[in-house]
Amino acid sequence: MSLSVPDNLLAQARAGEVDDAAFVACVRDSLPYAWTTITALIEQRDRSGADFADNQVPPPDEASRGQLLRCLASDAMRGALERHFGVRLAFQNCHRVAVFDPAAAKAYGEFVTPRAQILNQSPGLVDC
């Protein structure tokens, strides 16, 4: 299961629209490794002033890897985090998360090309 949804959030979803802040809190609480990785990258990018910051360190275990995959493969989760933090997220392989300044269209465009994906491959990532 991707998220551990509290009863009050489930009731909210059954009644109609879900508040973004409540959904983001659910993601934060359910996927702590993904949350920590993304927020650390945001802080790194903010400190450096660069167009983006990316994670190239593999997760410590399969549960952590699964959190990143679930979080970034979900349009709803990715979109909520992008709105919450005011960033744009991108993902390669099983752990290379990147956080972009929304104005950094050129850097984002280069990161998400087939060329960038191919250059990011290595034999150690085949089964990730």
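Up top is the structure these notes are about.
The following paragraphs examine the structure supplied in this document. Not measured: the values here are computed from a predicted model. (Residues numbered from 1 in each chain as written. Predicted model: local features only at pLDDT ≥ 70, side-chain atom pairs only at ≥ 80, totals over all residues. Heavy atoms only, no water.)

**Overview of helix α5 (residues 75–85)**
Among all positions in α5, only M77, G79, A80 and L81 are buried. Where the residues of α5 are buried, they touch α2 (20–30), α3 (32–48), α4 (62–73) and β2 (88–92). With its phi angle positive at about 70°, G86 sits one or two positions after the end of α5. (Buried < 20%, exposed > 50% of the residue type's maximum accessible area, 1.4 Å probe, protein only. Helix = DSSP H or I, 4+ residues; strand = E, 2+ residues; numbered from the N terminus. Contact = heavy atoms within 4.5 Å.)

**A word on the packing of α3 against α5**
Where α3 meets α5, the axes come as close as 12 Å, and the angle between the chain directions of the two elements is 35°. Seen along the crossing, α3 lies across α5 with a hand that is right-handed. In this structure, α3 uses W35, I38, T39 and I42 to contact α5, whose residues at the interface are L81, H84 and F85. A breakdown of the residues in the contact of α3 with α5 according to their chemical character gives five nonpolar, two polar and no charged. (Axes fitted to C-alpha atoms, helices over the stretch in contact; angles between N-to-C directions. Left-handed = near helix turned anticlockwise from the far one by under 90°. Nonpolar A, V, L, I, M, F, W, Y, C, P; charged D, E, K, R; others polar.)

**Structural notes on the sheet that holds β2**
Spatial ordering of the open sheet is given by β1-β3-β2, a layout of three strands whose pairing is antiparallel. Strand pairing shows two members of the sheet lacking a second neighbour, β1 (52–54) and β2, which therefore form its edges. On average, each strand axis in the sheet is inclined to that of its neighbour by 20°, with strand direction left out of account. This element, α3, spans β1, β2 and β3 (96–100) of the sheet and lies at about 45° to β3. On top of the sheet, α4 reaches β2 and β3; it is set at about 130° to β2, its chief contact. (Pairing = 2+ DSSP bridges.)

**Examining the environment of D19**
Turning to its location among the elements, D19 is positioned in the loop between α1 (7–15) and α2. For D19 and L9, which are 10 residues apart along the polypeptide, the C-alpha to C-alpha distance reads 8.7 Å. A polar atom in the side chain of D19 sits 3.1 Å from the backbone nitrogen of A21. (Polar contact = N/O pair within 3.5 Å; in protein donor to acceptor, adjacent residues only side chain to side chain.)

**Quick look at the nonpolar core**
Formed by 24 residues in total, the largest nonpolar core has its most connected members in V27, I38 and L81. Secondary-structure elements contributing two or more residues to this core are α2, α3, α4, α5 and β3. For this core, the leading source of residues is α3, giving six residues. In this view, L81 contacts V24, V27, W35, I38, C71, G86 and L89; residues no more than four positions away in its chain are not counted. (Core = buried A, V, L, I, M, F, W, Y, C linked by side-chain atoms within 4.5 Å.)

**Observations regarding the pattern of salt bridges**
Per the counting criterion, the structure on display carries seven salt bridges. Here D29 makes a salt bridge to R28, at a shortest N to O gap of 3.0 Å. By relative accessible area, D29 is classed as exposed at 56%. Two residues, R45 and D46, come together in a salt bridge whose shortest N-O distance is 3.0 Å. Look at R45 and you get buried, because its relative accessible area is 10%. Within this structure, R45, D46 and D101 form a network of salt bridges that share partners. (Salt bridge = Lys/Arg side-chain N within 4 Å of Asp/Glu carboxyl O.)

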